Amino acid sequence: MKMVLIINGPNLNMLGRRPKEHYGSLTLDEINQKIIEENNGHFDLEFFQSNSEGELITKLQQAISYDAIIINPAGYTHTSVGIRDALEMCSGIKLEIHLSKVDERETFRRVNLVRDVCDKCFQGKHENSYLEAIRYLKSIL
């Protein structure tokens, strides 16, 4: 069975309390449940969330041979060369996820250090960004 790692960065553990217009109303656990339902046993899923840049990098290093990585680097999208470099080493398909439309938000969010090392980006559809990524992986793996 194909292995898919789903990584969520800082503050995503606080979903449900964050501004709903950007992030929707679901908690991270509720989003993960929707991902499991959409996956329907197709892939072996592993979920990981951390507020620590170093922990995210270590997890990516441990997953360099996974078939796919779905990552929402959150605020580290705009600041972390380390996460970008770790993603670049990963051999599987890499999908960037954002709940909001980061490309249309504040100017500082338009700096994206991970986009060019990911195969595709899904953004702006709250939890559906993740579900679209699972559907996309089903279509290509």
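To be clear, the structure that these remarks concern was listed above.
A quick note: this is a predicted structure, and the numbers were derived from the prediction, not measured.

What counts as what
- Just so you know, the residues in each chain are numbered from 1, in the order the chain's sequence is written.
- Where totals are concerned, whole chains, interfaces and linings use all residues; where local detail is concerned, this predicted model gives features only for residues with pLDDT of at least 70, and gives and counts side-chain atom pairs only at 80 or more.
- Hydrogens and water are ignored here; the side-chain numbers use all heavy atoms of the structure.
- Each helix is a run of H or I in the DSSP string that is no shorter than four residues. Each strand is a run of E no shorter than two, and both are numbered from the N terminus.
- Radius of gyration here uses only the C-alpha atoms, and the compact-globule reference equals 2.2 Å multiplied by the residue count raised to the power 0.38.
- What counts as a salt bridge is simple: a side-chain nitrogen of Lys or Arg found within 4 Å of a carboxyl oxygen of Asp or Glu.
- Note on exposure labels: buried denotes an accessible area under 20% of the residue type's maximum, exposed denotes more than 50%, and partly exposed covers the range between, all computed with a 1.4 Å probe on protein chains only.

(A) Spotlight on the overall build of the chain. What the chain contains, in helices and strands, is 5 helices and 5 strands. Secondary structure elements in the chain, listed N-terminal to C-terminal, are β-α-α-β-α-β-α-β-β-α. For the chain, the C-alpha radius of gyration of 14 Å lies close to 14 Å, the compact-globule estimate for 141 residues. Considering only C-alpha atoms, the chain reaches an extent of 40 × 30 × 25 Å along its principal axes.

(B) Looking closely at the pattern of salt bridges. For the structure shown, the criterion picks out 10 salt bridges. Two residues, Arg109 and Glu106, come together in a salt bridge whose shortest N-O distance is 2.6 Å. Relative accessible area serves as the criterion here: at 17%, Arg109 is assigned to the buried category. For Glu106, a relative accessible area of 34% puts it in the partly exposed group. One connected set of salt bridges, linked through shared partners, spans Arg84, Asp85, Glu88 and Asp116.

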